[in-house]
Amino acid sequence: MWHPTGNSILLVSRGADPVGTGREVEIAATGLAAFGAQVHVALMSAVGSLHDRLVQRGAKVYQVGQRSRPDAAGVGRLADVVRLVLPVSVIAFGRPQAVASAVATRLRISRRQRPRLLCRVAVTPRGLTDAWALTRADRVLASSPIVAEACRKAGVAPHRLDTIEPVADAALSGLATREEIAAQFQLDPAKLWSLCVAPLVARSRLDRLLWAIDQLDVVRRDVEHVLVGSGPQLHRVRRRARVQHLADRLRIVPSCRCLPDLLREVRFVWQSGDVALGGALFDAMAAGKPAVAVDSEAAQQAIIDGETGWIVPPAPESEFPRRAFSLVEDDALAARLGTAAQERATSHFSSDRFISAVLAAAQ
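Quick caveat: nothing in here was measured; it's all calculated off a predicted structure.

What counts and how
- Residues numbered from 1 in each chain as written.
- Predicted model: local features only at pLDDT ≥ 70, side-chain atom pairs only at ≥ 80, totals over all residues.
- Heavy atoms only, no water.
- Axes fitted to C-alpha atoms, helices over the stretch in contact; angles between N-to-C directions.
- Helix = DSSP H or I, 4+ residues; strand = E, 2+ residues; numbered from the N terminus.
- Parallel < 35°, antiparallel > 145°, perpendicular 65-115°, else oblique.
- Left-handed = near helix turned anticlockwise from the far one by under 90°.
- Contact = heavy atoms within 4.5 Å.
- Nonpolar A, V, L, I, M, F, W, Y, C, P; charged D, E, K, R; others polar.
- Core = buried A, V, L, I, M, F, W, Y, C linked by side-chain atoms within 4.5 Å.
- Buried < 20%, exposed > 50% of the residue type's maximum accessible area, 1.4 Å probe, protein only.
- Salt bridge = Lys/Arg side-chain N within 4 Å of Asp/Glu carboxyl O.
- Pairing = 2+ DSSP bridges.
- Right-handed = clockwise from strand over helix to strand, strands pointing away.
- Phe/Tyr/Trp six-rings, centres within 6.5 Å; stacked < 30°, edge-to-face > 60°.
- Lys NZ or Arg CZ within 6 Å of the ring centre and 35° of its normal.

**Things to note about the packing of helix H8 (residues 206-219) against helix H9 (residues 234-243)**
Part 1 of the argument: Closest axis-to-axis distance for the H8/H9 pair is 11 Å, and the angle between their directions is 20°. By the criterion of interaxial angle, the relationship of H8 to H9 is roughly parallel. Judged by the sense of rotation from one axis to the other, the crossing of H8 with H9 is right-handed. Residue-level inspection shows Leu-206, Asp-207 and Leu-210 of H8 in contact with H9, the latter providing Val-237, Arg-240 and Ala-241.
Part 2 of the argument: Partitioning the contact of H8 with H9 into residue classes produces 4 nonpolar, no polar and 2 charged.

If you want it as structure tokens, here you go:
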């Protein structure tokens, strides 16, 4: 059971769907509540289905961000939530939320009432702002040894660093049928589908994804693609998709409430850049779907190259669509890699292990 004098915990996240970071928040909220904590969640942006999913699970959710991205106004509202809840711990998921939480837990809050701050970081910190926030955290929960080392170089004391591996536990399906999903996204149910989940920012390198889709179309016209994400590069990505004549095969949506159902129906997932937890890489693993990803920390952690999917170098660019083509062309290969991925999810990235590590850090 939960032992500290107070039993309230505040999780701080951007708005999201139940994959990647969003799935970690969902599992943390459910798991901590099961151990007796009173769980509150503050969402720093107004996208995704995470709000409704958490409310259904009994969490108290505060929509502090009113836009598609976290902004300065949300930091003030987050500080109000901290003063209202008076949590024993604040757990911030992601670097922007770490910065917001570091500021909010110091705005008009006395030292006596100030909660412990934990920051969950899944990509290497960048710049002085990230370093400032992380060095003010009581604990930094890195997703891998490489991320932990980057945090140490940013100034985080080693005794304040924990490495907690990601969780691979696919969200429960809402049981939407393939035909219903196809109707929602204007997809052809008779064709193969792929999925990429990534913020629409420069670090996601979505130019690689669009080029790969274009090249894959040269040899296979029966594949359609869904890109789930929001961000400042939305118009640029859509414009490039039009220029490359991909608009009829690529659906770009900011959020997807039926994402667990869509994940069940895709042939494979892919990731073109450095994205926290690889977007949907760990969720695809748990759902028994193979992945193709350009080399990154998340890809190295999630994928065993040639066994559960493919990790490709940034150059030559032709490797990205070529490996995707192998999963489209060979049914037996896709099935074999997907089965191996699911077995790896069960043996290496369990939700019980994740919750136990988060609980230990939060006390």
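**Considering the nonpolar core**
Part 1 of the argument: Within the largest apolar cluster, 37 residues are counted, with the highest numbers of intra-cluster contacts made by Leu-195, Val-228, Leu-259, Leu-262, Val-269, Leu-281 and Met-285.
Part 2 of the argument: Elements with a minimum of two residues in this core: helix H7 (178-185), strand E8 (192-197), strand E9 (223-228), helix H10 (259-265), helix H11 (281-287), strand E12 (291-294), helix H12 (297-302) and helix H14 (331-348).
Part 3 of the argument: Setting aside its immediate chain neighbours within four residues, Val-228 contacts Asp-17, Leu-195, Cys-196, Val-197, Ala-198, Val-253, Pro-254, Ser-255, Cys-256 and Leu-259.
Part 4 of the argument: Formed by 33 residues, the second largest nonpolar core is a distinct cluster that contains Val-81, Ala-104, Val-121 and Val-156.

**Let's talk about the pattern of salt bridges**
Part 1 of the argument: Evaluated as defined, the whole model comprises 24 salt bridges.
Part 2 of the argument: Between Asp-207 and Arg-205 there is a salt bridge, with the nearest N and O atoms lying 3.0 Å from each other.
Part 3 of the argument: On the accessibility criterion, Arg-205 (31% relative accessible area) is partly exposed.
Part 4 of the argument: Of the charged contacts, one joins Asp-217 and Arg-221 as a salt bridge, the two residues approaching to 2.2 Å between their closest N and O atoms.
Part 5 of the argument: Look at Arg-221 and you get exposed, because its relative accessible area is 54%.
Part 6 of the argument: Where salt bridges share partners, they join Arg-23, Glu-26, Arg-53, Arg-57 and Asp-169 into one cluster.

**Digging into the sheet that holds strand E3 (residues 60-63)**
Part 1 of the argument: Judged by pairing direction, the sheet is parallel, and its 7 strands sit side by side in the order E3-E2-E1-E4-E5-E6-E7 without closing on themselves. A single partner strand is all that each edge strand has here, and the edge strands are E3 and strand E7 (161-163). Each adjacent strand pair in this sheet contributes to an overall mean axis angle of 20°, direction not counted.
Part 2 of the argument: Looking at chain direction, strand E6 (residues 139-142) and E7 are connected through 3 bridges and run parallel. By the bridge assignment for E7, Leu-141 is matched with Asp-162.
Part 3 of the argument: Strands in contact with helix H4 (residues 95-104) are strand E1 (8-13), strand E4 (89-93) and strand E5 (116-121); relative to E4, the strand with the most contacts, it is inclined by about 150°.

**Quick notes on the sheet that holds E12**
Part 1 of the argument: Read from one edge of the open sheet, 6 strands run E10-E9-E8-E11-E12-E13, paired in parallel fashion. Whereas interior strands pair on both sides, the edge strands pair on one side only; in this sheet they are strand E10 (250-253) and strand E13 (309-312). The sheet shows a mean angle of 15° between the axes of neighbouring strands, direction not considered.
Part 2 of the argument: Each of E8, E9, E10, strand E11 (268-271) and E12 touches H8; the most contacted strand, E9, lies at about 170° to it.

**Points about the environment of Val-294**
Part 1 of the argument: Tracing the backbone through its elements, the reader meets Val-294 in strand E12.
Part 2 of the argument: With 49 residues separating them in the primary sequence, Val-294 and His-245 have C-alpha atoms 23 Å apart.
Part 3 of the argument: In this structure, Val-294 is in contact with Arg-208, Gln-271, Ser-272, Ala-299, Val-312, Pro-313, Pro-314 and Phe-320, ignoring residues within four places of it in sequence.

**Quick notes on the pairing of E8**
Part 1 of the argument: Of all 6 residues in E8, 5 are buried, a share of seventy percent or more.
Part 2 of the argument: One crossover worth recording links E8 to the parallel E9 by way of H8, and it is right-handed.
Part 3 of the argument: In the sheet, E8 pairs with E11 via 2 bridges, with the strands oriented parallel. Of the residues in E11, the one forming a bridge with Leu-195 is Val-269.

**Regarding the side chain of Arg-249**
Part 1 of the argument: Here Arg-249 lies in the loop between H9 and E10.
Part 2 of the argument: A residue is classified by how much of its surface remains accessible, and Arg-249, at 7% relative accessible area, is buried.
Part 3 of the argument: Contact partners of Arg-249, with chain neighbours within four places excluded, come to Asp-217, Arg-221, Val-223, Glu-224 and His-225.

**Focus: the packing of aromatic side chains**
Part 1 of the argument: Within this structure, the stated rule accounts for 3 aromatic pairs.
Part 2 of the argument: On the numbers, 5.1 Å between centres and 85° between planes, the contact of Phe-268 with Trp-270 is edge-to-face. There is no split in this pair, since Phe-268 and Trp-270 are both buried.
Part 3 of the argument: With centroids separated by 5.2 Å and ring planes inclined at 80°, the aromatic side chains of Phe-282 and Phe-349 adopt a geometry described as edge-to-face. Placement of Phe-282 in helix H11 and of Phe-349 in the loop between H14 and helix H15 (351-362) is noted, with a sequence separation of 67 residues between them. Here Phe-282 matches Phe-349 in class, with each residue buried.
Part 4 of the argument: Each residue in the set Phe-268, Trp-270 and Phe-320 is aromatic and connected to the rest through ring pairs, giving one cluster.
Part 5 of the argument: A cation over a ring is seen here: Arg-178 above Trp-193, with NZ or CZ 3.8 Å from the ring centre.
Part 6 of the argument: The ring of Trp-310 has Arg-323 sitting right over it, with the charged end atom 4.0 Å from the ring centre.

Scope: geometric values only; no functional claims are made or implied.
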